[in-house]
Amino acid sequence: MRSTVSELLSSDKILQEVYLKGWVRTFRSNRFIAVNDGSTINNIQCVVDFENTDEAILKRISTGAAVAITGTLIESQGKGQKVEIAVTKLEILGDSNADEYPIQPKKHSLEFLRENAHLRIRTNTFSAVMRLRSALSFAVHKYFNENGFYNFHAPLVTGSDAEGAGEMFKVTTFEANKAPLKEDGSIDYSKDFFGKETNLTVSGQLEAETYAMALGKVYTFGPTFRAENSNTTRHLAEFWMIEPEVAFNDLDDNMDLGEDFIKSVISYVLEHCKDDLKFLEDRLLQEEKSKPQAQRSDMPLREKLQFITENNFKRVSYTEAYEILRNCKPNKKKKFQFPITEWGVDLQSEHERFLVEKHFKCPVILFDYPATIKAFYMRLNEDGKTVRAMDILFPGIGEIVGGSQREERLDVLLEKMKALDIDEKELWWYLDTRKFGTAVHSGFGLGFERLVLFVTGMSNIRDVIPFPRTPQNADF
Ligand code: 4AD
């Protein structure tokens, strides 16, 4: 029976015959093959008896080659591993030409690896990141499943712009320049595949709301698309979003849910992904050494994650945050690229990070934002100028969650839509939830890649999704 490297490294099958398949990471002294099969960050050392091995086979052992190994599991003589395999039979399943193989056993830049995204998963860094991504994804479903939520699959093709930001990818079967036109010269979408204008979804929230109003607690976890031309280390054109939506939850319940959920999934990986986290922590410590003292992070990765799980997030209203920012040193010394002037300004990443990293030094939940800078569906407060919005801000990341209590009052919602020129007819089905059994309800969206960024300590969002889609880039 074939074993995985992970099983063998923790097994007690000493002196038993074992069989495994994997890829060569390194081959040294014509004797020691380090084999990895993806089951763990760690390699298993396979010791070849080179005197009794065909020379032609030895020559074919090179980094990247696929091998099948039969041998005896023994306690290791060397340092660095507890067990190793004394090889009795070695098969080359797939050769790898050492001169052409891009992934050499040396440090490659992340930029170079991005250009080889199909092979970068064969490095320690990317395998650790992607195993963590997978574990986090499992932890997300586990959390909701254990807390009475139903998984809801939102459509990816939609006619509505949930965020009202207009940053959408059009879905059409018309060929450019050959689309049928109406008399006024505009494109006649009634003749298109869906008989109307459609786009890729920017959020499954509006549809999730309709389900929450029957199933009580639902969540979506799927791809979302934004055609915003933001070439930053925090934005993707295609990213995965987790969106819980809960009937009868108000904003306080929503904040409690957000905080508990994030703590739970981080605790899960702290417990289940120790080797990968340790590897990434060491990698970061190495990287830190090359930075000036002032820019170094004061906490190793796992300590930073533990800090999140063990401390309360600070809850602060927009107005309070605005006062802090208006009076802070960087604002007074004109160090912000976007100065904080009047109440009502939208907060930029530099402001969010000042609050989290310099002022409160912990995750912050900002709530009750000015209505003018938030989406139409958020519940208006009694003051008539703020809405029951909440953003969760994380150190090194900025906004990781955006959510709100929803406007459940039909008349207020209609008024808001009218003011923002949102077509009532397009959203008739959404408005129905306010007509038939409306109730207080709330939800939020968490950008999965931003969570993976935080947990892995990587600094570019392109490095935590297998094949990133960003402006001018959709390779692979
Ligand atoms: O704040 P946003 O735009 O909220 C919504 O879409 C709501 N409809 C969610 C809801 O209430 N159900 O986006 C939510 C989160 C952000 O906090 C951020 O983490 C992530 O999605 N996000 C992005 N992640 C990567 N690339 C982008 N371009 C992102 N835009 C938003």
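Conventions adopted
Residues numbered from 1 in each chain as written. Predicted model: local features only at pLDDT ≥ 70, side-chain atom pairs only at ≥ 80, totals over all residues. Heavy atoms only, no water. Domains from an automatic or database assignment. Contact = heavy atoms within 4.5 Å. Buried area = accessible area lost by both parts, 1.4 Å probe. Near = heavy atom within 4 Å. Polar contact = N/O pair within 3.5 Å; in protein donor to acceptor, adjacent residues only side chain to side chain. Areas by Shrake-Rupley, 256 points an atom, 1.4 Å probe, with all protein chains shown as cover. Helix = DSSP H or I, 4+ residues; strand = E, 2+ residues; numbered from the N terminus. Axes fitted to C-alpha atoms, helices over the stretch in contact; angles between N-to-C directions. Nonpolar A, V, L, I, M, F, W, Y, C, P; charged D, E, K, R; others polar. Salt bridge = Lys/Arg side-chain N within 4 Å of Asp/Glu carboxyl O. Buried < 20%, exposed > 50% of the residue type's maximum accessible area, 1.4 Å probe, protein only. Patch = residues over 30% accessible without salt bridge, like charges linked within 9 Å, V, L, I, M, F, W, Y side chains within 5 Å. Phe/Tyr/Trp six-rings, centres within 6.5 Å; stacked < 30°, edge-to-face > 60°. Pairing = 2+ DSSP bridges.

Please clarify how the domain arrangement of the chain should be interpreted in this entry.
A common way to state how big an interface is: give the accessible area lost once the parts meet. Taken as a whole, the chain is organised into domain 1 (2-101) and domain 2 (122-167 + 202-463). Using only C-alpha atoms to locate each centre, domain 1 and domain 2 end up separated by 44 Å. In this complex, domain 1 contributes 8 residues to the contact, which on the side of domain 2 involves 9 residues. Ranking the residues of domain 1 by area buried against domain 2 places Arg 25, Ile 41 and Tyr 101 at the top, with a combined share of 72%.

Would you explain the site of the ligand in this entry?
The environment of the ligand is made up of 24 residues, and the closest members are Glu 163, Gln 205, Arg 226, Glu 243 and Glu 399. Between Ser 203 and the ligand, the recorded distance is 3.0 Å, taken from a side-chain N or O atom to a nitrogen atom. Here Glu 399 contributes a side-chain N or O atom positioned 2.5 Å from an oxygen atom of the ligand. Here the ligand has 630 Å² of accessible area as a free molecule, and 93% of this is covered by the chains. Within the residue set of the shell around the ligand, elements represented by two or more residues are β11 (238-247), β15 (398-405) and β16 (441-447).

Looking at this structure, how should I read the packing of helix α7 (residues 274-289) against helix α8 (residues 301-310)?
In helix packing, the relevant descriptors are the interaxial angle and the interaxial distance, both defined with respect to the helix axes. Put simply, α7 and α8 touch, their axes get as near as 8 Å, and they point 115° apart. Touching Lys 274, Leu 277, Lys 278, Leu 280, Glu 281 and Leu 284 of α7 are Leu 301, Arg 302 and Leu 305, all from α8. Along the lines of polarity and charge, the residues of the contact of α7 with α8 split into 5 nonpolar, no polar and 4 charged.

I keep staring at the pattern of salt bridges and nothing clicks. Help me out?
Side chains that carry opposite charge are capable of pairing whenever their charged atoms lie near each other. Using the criterion set out here, one finds 27 salt bridges in the structure. A salt bridge links Glu 209 to Arg 434; the shortest N-O distance between them is 2.9 Å. Of this pair, Glu 209 sits in helix α5 (residues 205-215) while Arg 434 sits in helix α13 (residues 428-435), placing them 225 residues apart in sequence. The class for Arg 434 is buried, based on a relative accessible area of 4%.

Got a minute to help me understand a nonpolar patch on the surface in this structure?
A cluster of nonpolar side chains, namely Leu 156, Val 157, Phe 193 and Phe 194, defines an oily patch on the protein surface of about 380 Å² accessible area. Mapping Val 157 onto the fold places it in strand β7 (residues 157-158).

Is there a simple way to think about α5 in this case?
Given 3.6 residues to a turn, an α-helix orients residues that are three or four positions apart in the same direction. All buried positions along α5 are accounted for by Gln 205, Leu 206, Glu 207, Ala 208, Glu 209 and Ala 212. Lining the buried residues of α5 we find β7, β10 (217-225), β11, α13 and β16. Remark: Gly 216 follows α5 within two positions and exhibits a positive phi of approximately 85°.

Would you mind showing me how to read the side chain of Thr 70 here?
Checked against the element boundaries, Thr 70 lands in strand β4 (residues 66-75). Residues within four places of Thr 70 in sequence aside, it is in contact with Glu 17, Val 18, Tyr 19, Ala 86, Val 87, Thr 88 and Lys 89.

Where do I start with the packing of aromatic side chains in this structure?
Two aromatic rings, taken as a pair, are described by how far apart their centres are and by the angle between their planes. Enumeration over the complete set of coordinates arrives at 22 aromatic pairs. Judged by centre distance (4.5 Å) and plane angle (35°), the ring pair of Phe 152 and Tyr 211 falls under tilted. A residue pair is termed long-range when its members are at least 10 positions apart, and Phe 152 in the loop between β6 (150-151) and β7 and Tyr 211 in helix α5 qualify at 59 residues. For Tyr 211, a relative accessible area of 41% translates into the label partly exposed. Judged by centre distance (4.9 Å) and plane angle (65°), the rings of Phe 221 and Phe 448 are edge-to-face. On the criterion of sequence distance, the pair formed by Phe 221 in strand β10 and Phe 448 in helix α14 (residues 448-456) is long-range, its members being 227 residues apart.

I'm lost on α14 in this one. Help?
Judged by how many residues are buried, α14 sits mostly within the fold: 9 of 9 residues are covered. Burial in α14 covers these residues: Phe 448, Glu 449, Arg 450, Leu 451, Val 452, Leu 453, Phe 454, Val 455 and Thr 456.

So what exactly am I meant to see when it comes to the pairing of β10 here?
Consecutive side chains of a regular strand alternate in pointing toward one face of the sheet and then the other. Taking burial as the measure, the 9 residues of β10 include 8 buried ones, the bulk of the element. Where β6 and β10 come together, 2 bridges link them in parallel fashion. Paired with Tyr 150 across the strands is Val 218, a residue of β10. Examined bridge by bridge, β10 and β11 share 9 bridges and lie antiparallel to one another. If you follow Thr 224 over to β11, its bridge partner there is Phe 239.

Where do I start with unusual backbone geometry in this structure?
Glycine aside, residues mostly have negative phi, and peptide bonds are mostly found in the trans state. Of note, Phe 248 is a non-glycine position whose phi angle comes to about 75°, a positive value. Topologically, Phe 248 is positioned in the loop between β11 and α6 (251-272). What makes Phe 248 exposed here is its relative accessible area of 64%. The phi dihedral of Lys 334 is positive, around 55°, even though this residue is not glycine. Inspection of the secondary structure puts Lys 334 in the loop between α10 (329-332) and α11 (349-360). Judged by its relative accessible area of 71%, Lys 334 is exposed.

What should I look at first to understand the sheet that holds strand β8 (residues 170-171) in this one?
Within a beta sheet, neighbouring strands are joined by backbone hydrogen bonds and run either parallel or antiparallel to one another. Across the sheet, which stays open at both edges, the 3 strands sit in the order β7-β9-β8 with antiparallel pairing between neighbours. Of all the strands in the sheet, just β7 and β8 have a single pairing partner and so form its edges.

Help me out: how do you make sense of the sheet that holds β10 in this one?
Strand order in this open sheet of 8 strands is β6-β10-β11-β16-β15-β14-β13-β12, and the pairing throughout is mixed. Single-partner strands in this sheet number two, and they are β6 and β12 (314-317). Of the pairings in the sheet, the one linking strand β13 (residues 364-370) to strand β14 (residues 386-394) comprises 6 bridges and is antiparallel in character. Of the residues in β14, the one forming a bridge with Phe 367 is Met 390. Here α5 sits on the sheet and contacts β6, β10, β11 and β16; the angle it forms with β11, its principal contact strand, is near 30°.

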